[in-house]
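# Tertiary structure, described
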Amino acid sequence: MKNLKIEEIVKATNGELIQGSPESICIKYSNDTRTIQKGDTYIAIKGEKFDGNQFWKQAFEQGASTVIVSEIELQEKDLEKYQNRNIIKVKDTLQALYEIAKLKRSLYNIPVIAITGSVGKTSTKDVVANVVSQKYKTLKTMGNHNNNIGLPFTILKLQEEEAIVLEMGMNHLGEIRLLSNIAKPDICIITNIGTSHIGNLGSRENILKAKLEILEGTKDPTIIVNNDNDLLHQWHEENKERRNIKTYGIQTKSNINAKDIQLKENSSNFIANLGEENIEIEVPVGGEHFILNALCAVMVGKTLNIEKNKIVKGIEQFELTKKRMDLKELKNGVKIINDAYNASLESMEASLKYLSEFKNYRKIAVLGDMLELGEYTKKLHKKVGENVKQNGIDLLFCNGENAKYIAMQAKEEGMKEDSIYYFEEKEEMMKQLKEIMKKGDIILFKASNGMKFFELAEQIERISEK
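Keep in mind the model is a prediction, meaning the values are calculated, not measured. (Residues numbered from 1 in each chain as written. Predicted model: local features only at pLDDT ≥ 70, side-chain atom pairs only at ≥ 80, totals over all residues. Heavy atoms only, no water.)

### Some thoughts on the packing of aromatic side chains
Using the criterion set out here, one finds eight aromatic pairs in the structure. For the pair Trp56 and Tyr82, a centre-to-centre distance of 5.9 Å together with 70° between the ring planes defines the contact as edge-to-face. Pair noted here: Trp56 is in helix α2 (residues 56-61) and Tyr82 is in the loop between α3 (76-81) and β7 (86-89), with a separation of 26 residues, a long-range link. Looking at Trp56, the relative accessible area reads 5%, which means it is buried. Arranged with centres 4.8 Å apart and planes meeting at 35°, the rings of Phe60 and Tyr82 form a pair that is tilted. With Phe60 in helix α2 and Tyr82 in the loop between α3 and β7, the pair connects residues that are 22 residues apart, well separated along the chain. Of the two residues, Phe60 and Tyr82, neither departs from the other in class, the shared state being buried. If you follow Lys2 out to its NZ or CZ, it ends over the ring of Tyr108, 5.1 Å from the centre. (Phe/Tyr/Trp six-rings, centres within 6.5 Å; stacked < 30°, edge-to-face > 60°. Helix = DSSP H or I, 4+ residues; strand = E, 2+ residues; numbered from the N terminus. Buried < 20%, exposed > 50% of the residue type's maximum accessible area, 1.4 Å probe, protein only. Lys NZ or Arg CZ within 6 Å of the ring centre and 35° of its normal.)

### Observations regarding the sheet that holds strand β14 (residues 256-263)
In space, the nine strands of this open sheet follow the order β9-β10-β8-β11-β12-β13-β14-β15-β16, with mixed pairing throughout. One side of each edge strand has no neighbouring strand; the edge strands of this open sheet are β9 (138-140) and β16 (277-283). Averaged over all pairs of adjacent strands, the angle between their axes in this sheet comes to 20°, without regard to strand direction. Relative to strand β13 (residues 245-249), strand β12 (residues 222-226) is paired through four bridges, and the arrangement is parallel. Directly across from Ile223, in β13, lies its bridge partner Ile245. Set on the sheet, helix α5 (residues 121-132) makes contact with β8 (112-116), β9, β10 (163-167) and β11 (187-190); between it and β10 the angle comes to about 175°. (Pairing = 2+ DSSP bridges. Axes fitted to C-alpha atoms, helices over the stretch in contact; angles between N-to-C directions. Contact = heavy atoms within 4.5 Å.)

### With respect to the pattern of salt bridges
Side chains that carry opposite charge are capable of pairing whenever their charged atoms lie near each other. Inspection of every chain in the model, using the stated rule, returns 23 salt bridges. Residue Arg362 pairs with Asp441 through a salt bridge whose shortest N-O separation is 2.8 Å. One end of the pair, Arg362, is in strand β19 (residues 362-368); the other, Asp441, is in strand β22 (residues 441-446), and 79 residues separate them in sequence. By relative accessible area, which is 22% here, Arg362 ends up partly exposed. Classification of Asp441 as buried rests on a relative accessible area of 0%. If you follow the salt bridges from partner to partner, you end up with Lys125, Asp126, Lys140 and Glu167 in one network. (Salt bridge = Lys/Arg side-chain N within 4 Å of Asp/Glu carboxyl O.)

### Brief notes about the packing of α5 against helix α12 (residues 308-316)
Contact geometry of α5 with α12 gives a least axis separation of 8 Å together with a crossing angle of 140°. Looking at the two axes, α5 sits oblique to α12. As for how α5 packs across α12, the hand of that crossing is right-handed. Where α5 approaches α12, its residues Val127, Asn130 and Val131 are matched on the opposing element by Ile311, Gly314 and Ile315. Classifying every residue of the contact of α5 with α12 by side-chain character gives four nonpolar, two polar and no charged. (Parallel < 35°, antiparallel > 145°, perpendicular 65-115°, else oblique. Left-handed = near helix turned anticlockwise from the far one by under 90°. Nonpolar A, V, L, I, M, F, W, Y, C, P; charged D, E, K, R; others polar.)

### A short note on the nonpolar core
Counting 120 residues, the largest nonpolar core has Ile113, Val128, Leu295, Ile315, Leu367 and Leu396 as the members making the most contacts within it. At 10 residues, the largest contribution of residues to this core is made by helix α11 (residues 288-303). Val366, Ile443, Phe454 and Ile460 belong to the second-largest nonpolar core, a separate cluster that totals 23 residues. (Core = buried A, V, L, I, M, F, W, Y, C linked by side-chain atoms within 4.5 Å.)

### Overview of the sheet that holds β7
Spatially, the five strands line up as an open sheet ordered β2-β7-β6-β5-β4, and their pairing is mixed. Looking along the sheet, the strands with just one partner apiece sit at the ends: β2 (16-19) and β4 (29-30). Pairing analysis gives three bridges linking β2 to β7, with the strands arranged antiparallel. The residue of β7 that forms the bridge with Glu16 is Lys89. Lying on the sheet, helix α1 (residues 6-13) is in contact with β2, β4, β6 (66-69) and β7; it crosses β7 at an angle near 10°.

### A short note on the packing of α1 against helix α4 (residues 93-106)
Between α1 and α4, the least distance of the axes is 9 Å, while the angle of their chain directions is 120°. Considered as vectors, α1 and α4 are oriented oblique to each other. Remark: the crossing between α1 and α4 carries right-handed chirality. Residues Glu8, Ile9, Ala12 and Thr13 of α1 form the contact with α4, whose participating residues are Ala96, Glu99, Ile100 and Leu103. Across the contact of α1 with α4, the residue classes break down as five nonpolar, one polar and two charged.

### Here's the deal with the side chain of Thr222
With respect to the helices, strands and loops of the structure, Thr222 is situated in strand β12. What Thr222 contacts, discounting residues up to four positions off in sequence, is Asp186, Ile187, Cys188, Asn244, Lys246 and Thr303.

### Description of the pairing of β22
Counting buried residues along β22, six of its six residues qualify, which places the element largely inside the surrounding structure. Here β22 shows two buried faces, one formed by Asp441, Ile443 and Phe445 and the other by Ile442, Leu444 and Lys446. In this structure, strand β18 (residues 335-338) lies alongside β22, joined through four bridges in parallel fashion. For Asn338, the partnering residue across the bridge sits in β22 and is Phe445. Direction of pairing for β19 relative to β22: parallel, over a ladder of six bridges. Within β22, the residue paired with Leu367 across the bridge is Lys446.

Written out as C-alpha coordinates, the structure reads:
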(Lines give C-alpha, C1' and ligand atoms only; values in the text may rest on other atoms or scores of the structure.)
Protein backbone atom coordinates (compact mmCIF):
# COMPACT_ATOMS: atom_id res chain seq x y z
CA MET A 1 0.00 0.00 0.00
CA LYS A 2 1.22 3.48 -0.87
CA ASN A 3 -0.43 5.94 1.47
CA LEU A 4 0.30 9.62 1.99
CA LYS A 5 1.66 11.27 5.09
CA ILE A 6 0.15 14.50 6.40
CA GLU A 7 3.38 16.34 5.64
CA GLU A 8 3.22 15.19 1.99
CA ILE A 9 -0.35 16.40 1.65
CA VAL A 10 0.52 19.77 3.23
CA LYS A 11 3.39 20.20 0.78
CA ALA A 12 1.36 19.14 -2.28
CA THR A 13 -1.54 21.47 -1.43
CA ASN A 14 0.60 24.37 -0.21
CA GLY A 15 -1.48 24.11 2.94
CA GLU A 16 -0.90 24.73 6.61
CA LEU A 17 -0.98 22.06 9.32
CA ILE A 18 -2.96 23.84 12.03
CA GLN A 19 -2.49 20.95 14.41
CA GLY A 20 -1.68 17.27 14.32
CA SER A 21 1.21 15.00 13.41
CA PRO A 22 3.10 15.43 10.13
CA GLU A 23 3.87 11.69 10.25
CA SER A 24 0.21 10.60 10.40
CA ILE A 25 -0.95 8.48 7.46
CA CYS A 26 -4.06 9.14 5.36
CA ILE A 27 -5.60 5.98 3.92
CA LYS A 28 -9.24 6.63 3.00
CA TYR A 29 -10.82 9.90 1.86
CA SER A 30 -14.37 11.25 1.78
CA ASN A 31 -16.30 14.45 1.16
CA ASP A 32 -19.53 13.11 2.69
CA THR A 33 -19.88 13.13 6.49
CA ARG A 34 -22.74 10.63 6.19
CA THR A 35 -20.33 7.93 5.03
CA ILE A 36 -17.27 8.88 7.09
CA GLN A 37 -15.63 5.94 8.86
CA LYS A 38 -13.11 5.85 11.67
CA GLY A 39 -9.71 7.08 10.55
CA ASP A 40 -10.91 8.69 7.29
CA THR A 41 -9.67 11.97 5.87
CA TYR A 42 -12.49 14.44 5.25
CA ILE A 43 -12.01 16.92 2.38
CA ALA A 44 -14.49 19.77 2.80
CA ILE A 45 -15.56 20.50 -0.78
CA LYS A 46 -17.41 23.74 -1.37
CA GLY A 47 -20.10 23.33 -4.03
CA GLU A 48 -22.73 25.55 -5.60
CA LYS A 49 -25.46 24.45 -3.19
CA PHE A 50 -23.52 23.58 -0.04
CA ASP A 51 -20.24 24.24 1.73
CA GLY A 52 -18.54 21.17 3.17
CA ASN A 53 -16.49 23.41 5.45
CA GLN A 54 -19.56 23.74 7.65
CA PHE A 55 -19.37 20.05 8.54
CA TRP A 56 -15.73 19.57 9.59
CA LYS A 57 -16.65 19.08 13.25
CA GLN A 58 -19.33 16.58 12.27
CA ALA A 59 -16.65 14.68 10.32
CA PHE A 60 -14.56 14.43 13.50
CA GLU A 61 -17.60 13.29 15.46
CA GLN A 62 -18.15 10.55 12.88
CA GLY A 63 -14.60 9.32 13.41
CA ALA A 64 -12.45 11.16 10.89
CA SER A 65 -8.82 11.50 11.93
CA THR A 66 -8.02 14.34 9.50
CA VAL A 67 -9.93 17.22 7.96
CA ILE A 68 -8.84 19.44 5.09
CA VAL A 69 -10.68 22.77 5.20
CA SER A 70 -10.64 26.35 3.91
CA GLU A 71 -12.32 29.65 4.70
CA ILE A 72 -13.15 28.87 8.32
CA GLU A 73 -12.17 30.43 11.63
CA LEU A 74 -10.94 27.84 14.10
CA GLN A 75 -11.87 28.50 17.72
CA GLU A 76 -9.50 27.65 20.58
CA LYS A 77 -12.14 25.47 22.24
CA ASP A 78 -12.51 23.43 19.05
CA LEU A 79 -8.76 23.02 18.65
CA GLU A 80 -8.56 21.80 22.21
CA LYS A 81 -11.49 19.42 21.77
CA TYR A 82 -9.90 17.85 18.70
CA GLN A 83 -6.29 18.16 19.80
CA ASN A 84 -5.56 14.54 18.84
CA ARG A 85 -6.79 15.01 15.28
CA ASN A 86 -5.17 16.53 12.19
CA ILE A 87 -6.43 19.81 10.75
CA ILE A 88 -5.04 21.06 7.44
CA LYS A 89 -6.08 24.45 6.13
CA VAL A 90 -5.76 25.20 2.41
CA LYS A 91 -6.74 28.05 0.14
CA ASP A 92 -9.10 25.96 -2.00
CA THR A 93 -10.22 22.46 -0.99
CA LEU A 94 -11.25 21.50 -4.53
CA GLN A 95 -7.81 22.37 -5.87
CA ALA A 96 -6.34 20.53 -2.89
CA LEU A 97 -8.32 17.44 -3.90
CA TYR A 98 -6.79 17.60 -7.39
CA GLU A 99 -3.26 17.93 -6.02
CA ILE A 100 -3.66 15.09 -3.54
CA ALA A 101 -5.04 12.81 -6.29
CA LYS A 102 -2.11 13.73 -8.57
CA LEU A 103 0.31 12.89 -5.80
CA LYS A 104 -1.42 9.58 -5.11
CA ARG A 105 -1.40 8.71 -8.83
CA SER A 106 2.33 9.43 -9.04
CA LEU A 107 3.05 6.65 -6.54
CA TYR A 108 1.67 3.93 -8.83
CA ASN A 109 3.38 2.56 -11.94
CA ILE A 110 0.30 0.65 -13.14
CA PRO A 111 -1.87 0.64 -16.28
CA VAL A 112 -4.36 3.51 -16.19
CA ILE A 113 -7.17 3.22 -18.73
CA ALA A 114 -9.37 6.28 -19.28
CA ILE A 115 -12.66 6.24 -21.20
CA THR A 116 -14.68 9.12 -22.59
CA GLY A 117 -17.30 9.59 -25.31
CA SER A 118 -20.76 11.00 -25.89
CA VAL A 119 -22.49 7.72 -25.04
CA GLY A 120 -21.41 4.29 -23.87
CA LYS A 121 -18.76 5.42 -21.38
CA THR A 122 -20.14 3.52 -18.41
CA SER A 123 -20.96 0.28 -20.22
CA THR A 124 -17.57 0.32 -21.95
CA LYS A 125 -15.91 0.94 -18.58
CA ASP A 126 -17.75 -2.04 -17.11
CA VAL A 127 -16.69 -4.52 -19.80
CA VAL A 128 -13.12 -3.16 -20.08
CA ALA A 129 -12.63 -3.33 -16.31
CA ASN A 130 -13.86 -6.91 -16.23
CA VAL A 131 -11.39 -7.92 -18.94
CA VAL A 132 -8.51 -6.10 -17.22
CA SER A 133 -9.43 -7.72 -13.90
CA GLN A 134 -8.74 -11.16 -15.39
CA LYS A 135 -5.02 -10.32 -15.17
CA TYR A 136 -4.76 -7.41 -12.72
CA LYS A 137 -6.42 -6.48 -9.45
CA THR A 138 -8.48 -3.61 -10.84
CA LEU A 139 -10.06 -0.45 -9.46
CA LYS A 140 -12.77 1.18 -11.57
CA THR A 141 -15.01 4.23 -11.46
CA MET A 142 -18.12 3.30 -9.51
CA GLY A 143 -21.50 4.36 -10.83
CA ASN A 144 -21.23 7.64 -12.67
CA HIS A 145 -18.52 9.27 -10.53
CA ASN A 146 -16.77 10.56 -13.63
CA ASN A 147 -16.44 14.28 -12.97
CA ASN A 148 -13.90 16.61 -11.33
CA ILE A 149 -14.84 15.32 -7.88
CA GLY A 150 -15.64 11.67 -8.56
CA LEU A 151 -12.50 10.91 -10.55
CA PRO A 152 -9.92 12.19 -8.04
CA PHE A 153 -11.74 10.45 -5.19
CA THR A 154 -11.63 7.23 -7.24
CA ILE A 155 -7.85 7.59 -7.62
CA LEU A 156 -7.56 8.19 -3.87
CA LYS A 157 -9.06 4.72 -3.31
CA LEU A 158 -5.93 3.09 -4.78
CA GLN A 159 -4.37 0.62 -2.37
CA GLU A 160 -3.08 -2.71 -3.65
CA GLU A 161 -4.63 -2.46 -7.13
CA GLU A 162 -2.55 -3.25 -10.20
CA ALA A 163 -4.67 -1.35 -12.75
CA ILE A 164 -7.34 1.32 -12.79
CA VAL A 165 -10.16 1.98 -15.28
CA LEU A 166 -11.54 5.51 -15.16
CA GLU A 167 -14.58 7.08 -16.79
CA MET A 168 -14.29 10.74 -17.78
CA GLY A 169 -17.38 12.89 -18.35
CA MET A 170 -17.73 16.53 -19.29
CA ASN A 171 -20.18 19.33 -20.05
CA HIS A 172 -17.75 21.98 -21.31
CA LEU A 173 -14.34 22.45 -22.88
CA GLY A 174 -11.44 22.09 -20.47
CA GLU A 175 -13.07 19.56 -18.13
CA ILE A 176 -11.53 16.42 -19.69
CA ARG A 177 -8.15 18.18 -19.78
CA LEU A 178 -8.33 18.63 -16.01
CA LEU A 179 -9.21 14.97 -15.46
CA SER A 180 -6.54 13.70 -17.83
CA ASN A 181 -3.86 15.74 -16.12
CA ILE A 182 -4.86 14.20 -12.80
CA ALA A 183 -5.12 10.60 -14.05
CA LYS A 184 -2.30 10.61 -16.63
CA PRO A 185 -3.75 7.63 -18.53
CA ASP A 186 -1.63 5.15 -20.47
CA ILE A 187 -4.57 4.00 -22.59
CA CYS A 188 -7.17 6.54 -23.80
CA ILE A 189 -10.49 5.33 -25.22
CA ILE A 190 -13.03 7.47 -27.09
CA THR A 191 -16.27 5.58 -27.66
CA ASN A 192 -17.96 8.06 -30.03
CA ILE A 193 -18.75 11.69 -30.75
CA GLY A 194 -22.46 12.40 -30.65
CA THR A 195 -24.75 15.20 -29.50
CA SER A 196 -24.66 14.97 -25.68
CA HIS A 197 -24.14 18.47 -24.22
CA ILE A 198 -24.20 20.01 -27.71
CA GLY A 199 -26.19 22.89 -26.21
CA ASN A 200 -23.12 23.79 -24.13
CA LEU A 201 -20.48 23.12 -26.77
CA GLY A 202 -22.25 24.38 -29.89
CA SER A 203 -21.26 21.66 -32.39
CA ARG A 204 -20.15 18.06 -32.68
CA GLU A 205 -16.75 19.33 -33.79
CA ASN A 206 -16.38 21.11 -30.45
CA ILE A 207 -17.48 17.93 -28.67
CA LEU A 208 -14.68 16.09 -30.49
CA LYS A 209 -12.25 18.79 -29.42
CA ALA A 210 -13.38 18.40 -25.81
CA LYS A 211 -13.09 14.60 -25.87
CA LEU A 212 -9.60 14.73 -27.41
CA GLU A 213 -8.42 16.54 -24.28
CA ILE A 214 -8.15 13.04 -22.82
CA LEU A 215 -4.82 12.75 -24.67
CA GLU A 216 -3.23 15.73 -22.91
CA GLY A 217 -2.38 14.10 -19.58
CA THR A 218 0.27 11.74 -20.95
CA LYS A 219 2.96 12.31 -23.54
CA ASP A 220 2.41 9.25 -25.73
CA PRO A 221 -0.65 7.19 -24.67
CA THR A 222 -2.18 4.32 -26.61
CA ILE A 223 -5.36 5.68 -28.23
CA ILE A 224 -8.32 3.40 -28.95
CA VAL A 225 -11.21 4.85 -30.98
CA ASN A 226 -14.51 3.69 -32.47
CA ASN A 227 -13.81 3.81 -36.21
CA ASP A 228 -17.51 3.54 -37.09
CA ASN A 229 -18.09 7.03 -35.69
CA ASP A 230 -17.83 9.55 -38.52
CA LEU A 231 -15.82 12.23 -36.67
CA LEU A 232 -13.49 9.75 -34.98
CA HIS A 233 -12.89 8.01 -38.31
CA GLN A 234 -12.06 11.36 -39.90
CA TRP A 235 -9.73 12.23 -37.02
CA HIS A 236 -7.99 8.86 -37.36
CA GLU A 237 -7.52 9.35 -41.11
CA GLU A 238 -5.96 12.75 -40.44
CA ASN A 239 -3.63 11.38 -37.76
CA LYS A 240 -2.45 8.09 -39.25
CA GLU A 241 1.17 9.05 -38.66
CA ARG A 242 0.53 8.47 -34.95
CA ARG A 243 1.34 4.78 -34.65
CA ASN A 244 -0.19 4.50 -31.22
CA ILE A 245 -3.80 4.75 -32.52
CA LYS A 246 -5.85 1.54 -32.55
CA THR A 247 -9.31 1.29 -34.06
CA TYR A 248 -12.36 -0.94 -33.65
CA GLY A 249 -15.56 -1.14 -35.64
CA ILE A 250 -18.35 -3.13 -37.21
CA GLN A 251 -18.97 -1.24 -40.45
CA THR A 252 -15.55 0.34 -41.08
CA LYS A 253 -12.34 -1.62 -41.68
CA SER A 254 -10.38 -1.32 -38.45
CA ASN A 255 -7.59 -2.96 -36.47
CA ILE A 256 -10.31 -5.14 -34.97
CA ASN A 257 -13.69 -5.84 -36.55
CA ALA A 258 -16.77 -7.87 -35.67
CA LYS A 259 -18.04 -10.41 -38.16
CA ASP A 260 -20.65 -13.21 -38.17
CA ILE A 261 -22.80 -11.25 -35.70
CA GLN A 262 -25.76 -13.05 -34.15
CA LEU A 263 -28.04 -10.77 -32.16
CA LYS A 264 -30.33 -12.28 -29.53
CA GLU A 265 -32.73 -10.76 -26.99
CA ASN A 266 -30.40 -11.01 -24.00
CA SER A 267 -27.01 -11.55 -25.64
CA SER A 268 -25.04 -11.62 -28.86
CA ASN A 269 -22.30 -13.67 -30.47
CA PHE A 270 -19.68 -12.60 -32.97
CA ILE A 271 -16.16 -13.20 -34.22
CA ALA A 272 -13.58 -10.57 -33.28
CA ASN A 273 -11.22 -10.41 -36.23
CA LEU A 274 -7.71 -9.01 -35.64
CA GLY A 275 -5.95 -9.52 -38.94
CA GLU A 276 -5.25 -13.25 -39.05
CA GLU A 277 -6.52 -13.94 -35.53
CA ASN A 278 -10.18 -14.70 -34.82
CA ILE A 279 -11.72 -14.77 -31.35
CA GLU A 280 -15.22 -16.08 -30.65
CA ILE A 281 -17.02 -13.70 -28.27
CA GLU A 282 -20.32 -13.91 -26.41
CA VAL A 283 -21.70 -10.68 -24.94
CA PRO A 284 -24.20 -11.22 -22.07
CA VAL A 285 -26.23 -8.14 -23.01
CA GLY A 286 -28.37 -7.60 -26.11
CA GLY A 287 -27.88 -4.74 -28.58
CA GLU A 288 -25.41 -4.08 -31.36
CA HIS A 289 -23.75 -1.21 -29.50
CA PHE A 290 -22.54 -3.67 -26.86
CA ILE A 291 -20.62 -5.46 -29.60
CA LEU A 292 -18.66 -2.24 -30.11
CA ASN A 293 -18.01 -2.09 -26.36
CA ALA A 294 -16.77 -5.68 -26.43
CA LEU A 295 -14.49 -4.99 -29.40
CA CYS A 296 -12.98 -2.13 -27.44
CA ALA A 297 -12.42 -4.44 -24.47
CA VAL A 298 -10.70 -7.01 -26.70
CA MET A 299 -8.37 -4.29 -27.97
CA VAL A 300 -7.53 -3.22 -24.42
CA GLY A 301 -6.88 -6.83 -23.48
CA LYS A 302 -4.55 -7.29 -26.44
CA THR A 303 -2.74 -4.04 -25.62
CA LEU A 304 -2.13 -5.30 -22.06
CA ASN A 305 -1.08 -8.79 -23.28
CA ILE A 306 -3.99 -10.49 -21.54
CA GLU A 307 -4.47 -14.10 -22.67
CA LYS A 308 -7.21 -14.74 -25.22
CA ASN A 309 -9.22 -17.08 -22.97
CA LYS A 310 -9.16 -14.47 -20.18
CA ILE A 311 -10.38 -11.75 -22.54
CA VAL A 312 -13.27 -13.99 -23.61
CA LYS A 313 -14.10 -14.80 -19.98
CA GLY A 314 -13.99 -11.13 -18.96
CA ILE A 315 -16.52 -10.19 -21.63
CA GLU A 316 -18.80 -13.18 -21.00
CA GLN A 317 -19.04 -12.42 -17.28
CA PHE A 318 -19.21 -8.63 -17.10
CA GLU A 319 -22.18 -6.91 -15.45
CA LEU A 320 -23.64 -3.54 -16.38
CA THR A 321 -23.95 -0.64 -13.96
CA LYS A 322 -27.64 -0.39 -12.96
CA LYS A 323 -30.16 1.69 -14.94
CA ARG A 324 -28.26 1.09 -18.16
CA MET A 325 -29.97 -1.37 -20.50
CA ASP A 326 -31.26 -3.18 -17.42
CA LEU A 327 -33.57 -5.88 -18.87
CA LYS A 328 -35.97 -7.63 -16.49
CA GLU A 329 -38.85 -10.03 -16.92
CA LEU A 330 -41.56 -9.29 -14.37
CA LYS A 331 -43.96 -11.69 -12.68
CA ASN A 332 -46.90 -10.38 -14.72
CA GLY A 333 -45.25 -11.45 -17.99
CA VAL A 334 -44.12 -7.93 -18.94
CA LYS A 335 -40.49 -7.23 -19.76
CA ILE A 336 -38.96 -3.84 -19.04
CA ILE A 337 -35.75 -2.19 -20.21
CA ASN A 338 -34.61 0.40 -17.67
CA ASP A 339 -32.17 2.54 -19.67
CA ALA A 340 -33.18 5.79 -18.00
CA TYR A 341 -29.91 6.97 -16.51
CA ASN A 342 -29.21 9.31 -19.38
CA ALA A 343 -30.20 10.07 -22.95
CA SER A 344 -28.89 11.60 -26.15
CA LEU A 345 -29.93 11.14 -29.76
CA GLU A 346 -27.34 8.39 -30.21
CA SER A 347 -28.32 6.44 -27.09
CA MET A 348 -32.02 6.85 -27.95
CA GLU A 349 -31.33 5.40 -31.40
CA ALA A 350 -29.40 2.47 -29.91
CA SER A 351 -32.11 1.72 -27.33
CA LEU A 352 -34.92 1.88 -29.88
CA LYS A 353 -33.00 -0.41 -32.22
CA TYR A 354 -32.52 -2.87 -29.36
CA LEU A 355 -36.23 -2.68 -28.52
CA SER A 356 -37.08 -3.44 -32.16
CA GLU A 357 -35.21 -6.76 -31.95
CA PHE A 358 -37.89 -8.26 -29.66
CA LYS A 359 -39.91 -9.64 -32.54
CA ASN A 360 -42.56 -11.55 -30.61
CA TYR A 361 -43.51 -8.77 -28.19
CA ARG A 362 -45.67 -5.66 -28.31
CA LYS A 363 -43.01 -2.95 -28.16
CA ILE A 364 -43.74 0.11 -26.00
CA ALA A 365 -41.34 3.07 -25.80
CA VAL A 366 -41.74 5.41 -22.80
CA LEU A 367 -39.60 8.41 -23.72
CA GLY A 368 -38.83 11.72 -22.06
CA ASP A 369 -36.75 14.82 -22.63
CA MET A 370 -33.11 14.80 -23.65
CA LEU A 371 -31.46 17.70 -21.82
CA GLU A 372 -28.62 20.16 -22.55
CA LEU A 373 -29.26 20.30 -26.31
CA GLY A 374 -29.70 24.09 -26.61
CA GLU A 375 -30.71 25.27 -30.06
CA TYR A 376 -30.67 21.66 -31.31
CA THR A 377 -33.42 20.58 -28.90
CA LYS A 378 -36.36 20.50 -31.30
CA LYS A 379 -34.40 19.03 -34.20
CA LEU A 380 -32.93 16.16 -32.20
CA HIS A 381 -36.18 15.25 -30.46
CA LYS A 382 -37.89 15.11 -33.86
CA LYS A 383 -35.09 12.82 -35.02
CA VAL A 384 -36.00 10.44 -32.18
CA GLY A 385 -39.59 10.49 -33.45
CA GLU A 386 -38.34 9.35 -36.84
CA ASN A 387 -36.47 6.50 -35.14
CA VAL A 388 -39.58 5.38 -33.29
CA LYS A 389 -41.39 4.82 -36.58
CA GLN A 390 -38.37 3.34 -38.36
CA ASN A 391 -37.92 0.72 -35.64
CA GLY A 392 -41.51 -0.46 -35.74
CA ILE A 393 -42.42 0.53 -32.18
CA ASP A 394 -46.03 -0.40 -31.46
CA LEU A 395 -46.92 2.17 -28.78
CA LEU A 396 -45.23 5.46 -27.91
CA PHE A 397 -45.66 7.19 -24.54
CA CYS A 398 -44.05 10.62 -24.12
CA ASN A 399 -43.70 13.03 -21.22
CA GLY A 400 -41.71 16.23 -21.01
CA GLU A 401 -41.62 19.71 -22.45
CA ASN A 402 -39.54 18.63 -25.46
CA ALA A 403 -40.71 15.03 -25.77
CA LYS A 404 -43.82 16.40 -27.48
CA TYR A 405 -41.62 16.79 -30.58
CA ILE A 406 -40.92 13.05 -30.48
CA ALA A 407 -44.66 12.35 -30.52
CA MET A 408 -45.35 14.95 -33.22
CA GLN A 409 -42.67 13.59 -35.53
CA ALA A 410 -43.68 9.97 -35.03
CA LYS A 411 -47.17 10.96 -36.18
CA GLU A 412 -45.74 12.84 -39.18
CA GLU A 413 -43.75 9.74 -40.11
CA GLY A 414 -46.99 7.78 -40.35
CA MET A 415 -47.30 6.13 -36.95
CA LYS A 416 -50.98 5.61 -36.13
CA GLU A 417 -52.39 8.40 -33.98
CA ASP A 418 -54.05 5.97 -31.56
CA SER A 419 -50.62 4.43 -30.91
CA ILE A 420 -49.13 7.72 -29.70
CA TYR A 421 -49.68 9.09 -26.20
CA TYR A 422 -48.36 12.41 -24.95
CA PHE A 423 -48.82 13.50 -21.34
CA GLU A 424 -47.85 16.68 -19.57
CA GLU A 425 -47.89 14.88 -16.21
CA LYS A 426 -46.01 11.67 -15.40
CA GLU A 427 -48.82 10.49 -13.14
CA GLU A 428 -51.32 10.54 -15.99
CA MET A 429 -48.88 8.76 -18.27
CA MET A 430 -48.25 6.03 -15.72
CA LYS A 431 -51.98 5.59 -15.09
CA GLN A 432 -52.54 4.99 -18.80
CA LEU A 433 -49.52 2.71 -19.08
CA LYS A 434 -50.67 0.56 -16.17
CA GLU A 435 -54.10 0.19 -17.75
CA ILE A 436 -52.82 -0.73 -21.17
CA MET A 437 -49.84 -3.00 -20.46
CA LYS A 438 -50.30 -6.76 -20.59
CA LYS A 439 -48.43 -10.03 -20.73
CA GLY A 440 -46.19 -10.14 -23.80
CA ASP A 441 -45.29 -6.43 -23.69
CA ILE A 442 -41.74 -5.13 -23.57
CA ILE A 443 -41.44 -1.56 -22.28
CA LEU A 444 -38.41 0.71 -22.75
CA PHE A 445 -37.92 3.62 -20.30
CA LYS A 446 -35.51 6.21 -21.68
CA ALA A 447 -34.85 9.89 -20.86
CA SER A 448 -32.16 12.13 -19.43
CA ASN A 449 -31.43 11.45 -15.78
CA GLY A 450 -33.08 14.69 -14.67
CA MET A 451 -36.43 13.35 -15.89
CA LYS A 452 -36.18 10.49 -13.34
CA PHE A 453 -37.77 7.92 -15.63
CA PHE A 454 -35.90 5.21 -13.74
CA GLU A 455 -38.47 5.80 -10.99
CA LEU A 456 -41.22 4.93 -13.47
CA ALA A 457 -39.52 1.65 -14.32
CA GLU A 458 -39.27 0.88 -10.61
CA GLN A 459 -43.01 1.62 -10.22
CA ILE A 460 -43.84 -0.96 -12.88
CA GLU A 461 -41.60 -3.47 -11.12
CA ARG A 462 -43.41 -2.95 -7.83
CA ILE A 463 -46.83 -3.35 -9.48
CA SER A 464 -45.81 -6.74 -10.88
CA GLU A 465 -44.83 -7.98 -7.41
CA LYS A 466 -48.29 -7.43 -5.94
